[in-house]
Every structure is written in C-alpha cells, then in structure tokens.
Amino acid sequence: MPALWLYSENDRYWGPVKPRQWFEGYREQGGLARFVALPPVGHDGHGIFTLQPSAWHPAVEGFLRRHPKPQATVAELANHIEHARKIAGIAHVVAVHAY
C-alpha cells in the first residue's frame, strides 16, 4: 500500500533528521512511499497541517489522484500501519486520520 510522508522542514518535535531516517528505513524494508519536505512554518512546523493547509494540499491531492482509495477494512489498514511503524523503527503512531 503506497504511503505519503509529510514533514515540515522546521518540525521542532521530530527535527529534520529523524523523519528522513524513518522514511529510508521504511523504503529499505520494501515500503512504497514518497517523502515530501514541506516548507518551514513559523517557529515550529509541527503544526503545519492546521496552520498552513495550502502547503500540503497539493502533495496530498496528487497522491490521492495517483492512488485511488483502497478497498480495505479498518483492521487491514491498522495492520499495515503497525507493520510500517515497526519496520521504520518508529516508537508509536500518534494519530491516523481517515478521510
């Protein structure tokens, strides 16, 4: 299942290095994904999704056009997310949003 990784360049919670390391770990384990470095927002880009939706909308819209909504159950998606978390070496997933 394709994944889209979006991180702001000035995310003070994760920093600029960790997200790329997680992404590379995910890809090395066979994960199909695209990483998008979003522009800095204010003094902390961690809130970019609510502070500046125009920064990430084009990447998400393009991703959704290329990858139509999967026909999967919530349980299947949860299993995929858990697998992705483990192979990328992420301690936990804070939130998953479904649209």
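Residues numbered from 1 in each chain as written. Predicted model: local features only at pLDDT ≥ 70, side-chain atom pairs only at ≥ 80, totals over all residues. Heavy atoms only, no water.

So, the overall build of the protein chain
Line of reasoning, step 1. A tally of helices and strands in the protein chain yields four helices and two strands.
Line of reasoning, step 2. Out of the 99 residues belonging to the protein chain, those deemed buried represent 31%.
Line of reasoning, step 3. For the protein chain, the exposed surface amounts to about 6900 Å²; the carbon and sulfur share of it is 58%. (Helix = DSSP H or I, 4+ residues; strand = E, 2+ residues; numbered from the N terminus. Buried < 20%, exposed > 50% of the residue type's maximum accessible area, 1.4 Å probe, protein only. Areas by Shrake-Rupley, 256 points an atom, 1.4 Å probe, with all protein chains shown as cover.)

Some details on the pairing of strand β1 (residues 3–8)
Line of reasoning, step 1. Along β1, five of the six residues are buried, which leaves the element largely enclosed by surrounding structure.
Line of reasoning, step 2. The handedness of the β1 to strand β2 (residues 33–38) crossover, carried by helix α1 (residues 18–28), is right-handed. (Right-handed = clockwise from strand over helix to strand, strands pointing away.)

Considerations on the confidence of the model for the protein chain
Line of reasoning, step 1. For the protein chain, the mean per-residue pLDDT works out to 83, and 80% of the residues sit at or above 70.
Line of reasoning, step 2. Per-element averaging of pLDDT across the protein chain places helix α4 (residues 74–88) at the bottom with 70 and β2 at the top with 95. (pLDDT = per-residue confidence, 0-100.)

Focus: the side chain of serine 8
Line of reasoning, step 1. Mapped onto the elements of the fold, serine 8 is located in strand β1.
Line of reasoning, step 2. Given a relative accessible area of 4%, serine 8 falls into the buried group.
Line of reasoning, step 3. Each residue touching serine 8, except ones within four places of it in the same chain, is listed here: Leu38, Pro39, Pro40, Val41, Gly45 and Ile48. (Contact = heavy atoms within 4.5 Å.)

Describing the packing of aromatic side chains
Line of reasoning, step 1. Overall, the coordinates contain eight aromatic pairs when judged by the stated rule.
Line of reasoning, step 2. Each ring, one from tryptophan 5 and one from phenylalanine 23, has its centre 5.6 Å from the other, and the planes form 75°; the classification is edge-to-face. Of this pair, tryptophan 5 sits in strand β1 while phenylalanine 23 sits in helix α1; the two residues are 18 residues apart in sequence, bridging distant segments of the chain.
Line of reasoning, step 3. The exposure class assigned to tryptophan 5 is buried, which follows from its relative accessible area of 10%.
Line of reasoning, step 4. Its relative accessible area of 7% is what places phenylalanine 23 among the buried residues.
Line of reasoning, step 5. Members of the aromatic cluster, joined through ring pairs, are Trp5, Tyr7, Tyr13, Trp14, Trp22, Phe23, Tyr26 and Phe35. (Phe/Tyr/Trp six-rings, centres within 6.5 Å; stacked < 30°, edge-to-face > 60°.)

Some points on helix α3 (residues 53–66)
Line of reasoning, step 1. In this model α3 runs 20 Å from its N-terminal to its C-terminal C-alpha over 14 residues, within 8% of the 20 Å that 1.5 Å per residue would give.
Line of reasoning, step 2. Contacts from the buried residues of α3 go to β1, β2 and α2 (48–51). (Expected span 1.5 Å × (residues − 1).)

Considering α1
Line of reasoning, step 1. Within the span of α1, buried status applies to Pro19, Trp22, Phe23, Gly25 and Tyr26. What you see down the axis of α1 is that its buried residues fit within an arc of 160°, all on one side.
Line of reasoning, step 2. In the stretch just after α1, glycine 30 is the one whose phi turns positive, near 100°. (Arc of directions from axis to C-beta.)

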